[in-house]
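Here are the chains, one letter per residue:
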Amino acid sequence: MASNVDPYNRKITYLRVSVTDRCNLRCMYCTPVKDLKLLDHADILSYEEILKVIHVATDLGIKKVRLTGGEPLLRRNFVHLVESACRIPQIEDVSITTNGVLLQEMARPLFEAGLRRINVSLDTLNPLKYTKITRRECFDAVWNGLQVAEAIGFSPIKVNVVVIKGINDNELLRFADLSVRKPYHIRFIEYMPIGRDSNWAPEKYVPSDKIRSKLETFGPLRKIPRSIHDGPAERYQFQSAKGEIGFISALSHHFCPLCNRLRLTADGKLRPCLFADDEVDIKSPLRNGYSHQDLRDVFQQAIARKPRRHHAEILKKRECLRSMSTIGG
Ligand code: SAM
């Protein structure tokens, strides 16, 4: 019988889809400057194929979809994909993760397509440092994009901040202040050893507990009780703040027992765990005319292969060589 329960009794209800491996930034922890190997267009799933996978997934209890990349806003007619995903009755929640560079012009059409929830990656509030981290001069575009999205009514707007020692760990209090002034959910993400190009090293890693201690010098943090809609983030708030603070502690407090997700890579692989390169190919079955039922079986195989937990702890063997831009984060 079809089931979305994995071998460790976790219910899989969330699919994250990387729609492209192309990106308009070259973040130092994500993408190499030289020898960037991009997928052939023919290897990237079409929107029709992505929607087919989402439909199959809904049969197995998927209720939530996040579209990511690479940079999803770069892909042609992306609004069409968002609109189609928002129209699937069984999908209760569609969101995107974007670097925000194209948000100024795309926010309105995305909102009209039915999107309400966005995550924008912004690791620094300093334009020069932004250029150093992303290797592109796009800080103003992203900042303006955030203001436009806020004015249009997106909610929540989450701001993803990957904290890297010696790079942006001296800006934590500025982000704290931003969470007070703006209705943004600032989510501090632990730097993860994912992909050949992550440049990760133990000495660059800052655990969430350290980030939280630093933030507490800004003011007391009230814990927000976990709701069933919450992902892995531990949520907090400063007094009288318009926004929130969240911690995604994939390494220091791994949240594998709560994992409810599967990932679809840009080239059509179902990935049971972010941190491991074990994948189930669904592109060939899609292109070889498998029936809906057969595709469902493939999806179920991926659920069945979810490991109990990841093993990406500091200094242990790295199991994930695939780049974050094809997985989608
Ligand atoms: N282009 C979009 C963006 O920038 O948000 C979506 C793709 S990006 C790969 C998705 C998320 O993964 C971003 O928030 C990014 O900061 C995060 N990310 C990439 N590499 C990471 C790493 N090594 N550790 C932690 N987060 C990472």
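Attention here is on the structure that accompanies the text. (Residues numbered from 1 in each chain as written. Predicted model: local features only at pLDDT ≥ 70, side-chain atom pairs only at ≥ 80, totals over all residues. Heavy atoms only, no water.)

**With respect to the overall build of the protein chain**
Right, so step 1: The number of helices and strands found in the protein chain is 10 helices and 12 strands.
Right, so step 2: For 329 residues, the compact-globule formula gives about 20 Å, and the C-alpha radius of gyration of the protein chain, at 19 Å, lands near that figure.
Right, so step 3: For the protein chain, with 329 residues in total, the buried portion stands at 57%.
Right, so step 4: When the accessible surface of the protein chain is totalled, it reaches about 14,600 Å², and 51% of it is carbon and sulfur. (Helix = DSSP H or I, 4+ residues; strand = E, 2+ residues; numbered from the N terminus. Rg over C-alpha atoms; globule rule 2.2 N^0.38 Å. Buried < 20%, exposed > 50% of the residue type's maximum accessible area, 1.4 Å probe, protein only. Areas by Shrake-Rupley, 256 points an atom, 1.4 Å probe, with all protein chains shown as cover.)

**Overview of the pattern of salt bridges**
Right, so step 1: Taken as a whole and assessed by the stated rule, the structure comprises 20 salt bridges.
Right, so step 2: Of the charged contacts in the structure, one is a salt bridge between Lys283 and Asp43, with a shortest N-O distance of 3.5 Å. Linking Lys283 in helix H8 (residues 283-287) with Asp43 in the loop between strand E1 (14-18) and helix H1 (47-59), this pair joins segments that are 240 residues apart in sequence.
Right, so step 3: The class of Lys283 is buried, set by a relative accessible area of 11%.
Right, so step 4: Asp43 sits in the partly exposed class, given a relative accessible area of 31%. (Salt bridge = Lys/Arg side-chain N within 4 Å of Asp/Glu carboxyl O.)

**Some points on the sheet that holds strand E3 (residues 93-98)**
Right, so step 1: Strand order in the open sheet made by the 12 strands is E7-E8-E9-E6-E5-E4-E3-E2-E1-E10-E11-E12, with mixed pairing throughout. With one partner strand each, in any of the chains shown, strand E7 (221-223) and strand E12 (280-281) form the two edges of the open sheet.
Right, so step 2: Running at roughly 150° to strand E6 (residues 184-190), helix H6 (residues 172-181) makes contact with strand E5 (157-163), E6, strand E8 (234-238) and strand E9 (244-248) of the sheet. (Pairing = 2+ DSSP bridges. Contact = heavy atoms within 4.5 Å. Axes fitted to C-alpha atoms, helices over the stretch in contact; angles between N-to-C directions.)

**With respect to the site of the ligand**
Right, so step 1: Lining the immediate surroundings of the ligand are 19 residues, of which Tyr29, Gly70, Glu71, Ser121 and Met192 lie closest.
Right, so step 2: Here Glu71 contributes a side-chain N or O atom positioned 3.0 Å from a nitrogen atom of the ligand.
Right, so step 3: Isolated, the ligand exposes 550 Å² of accessible area, and the fraction of that covered by the protein chains is 94%.
Right, so step 4: Those elements that provide at least two residues to the shell around the ligand are E3, E5 and E6.
Right, so step 5: Class assignment for the residues of the shell around the ligand results in 6 nonpolar, 11 polar and 2 charged. (Near = heavy atom within 4 Å. Polar contact = N/O pair within 3.5 Å; in protein donor to acceptor, adjacent residues only side chain to side chain. Nonpolar A, V, L, I, M, F, W, Y, C, P; charged D, E, K, R; others polar.)

**What to know about the packing of aromatic side chains**
Right, so step 1: Enumeration according to the criterion identifies 9 aromatic pairs in this entry.
Right, so step 2: A centroid spacing of 6.1 Å and a plane angle of 50° characterise the contact between Trp200 and Tyr205, whose relative ring orientation is tilted. When sorted by exposure, Trp200 lands in the same class as Tyr205, which is buried.
Right, so step 3: Aromatic ring contacts, followed pair by pair, group Phe175, Phe188, Tyr236 and Phe247 into a single cluster.
Right, so step 4: Taking the ring centre of Tyr14 as reference, the NZ or CZ of Lys64 above it sits at 4.5 Å. (Phe/Tyr/Trp six-rings, centres within 6.5 Å; stacked < 30°, edge-to-face > 60°. Lys NZ or Arg CZ within 6 Å of the ring centre and 35° of its normal.)

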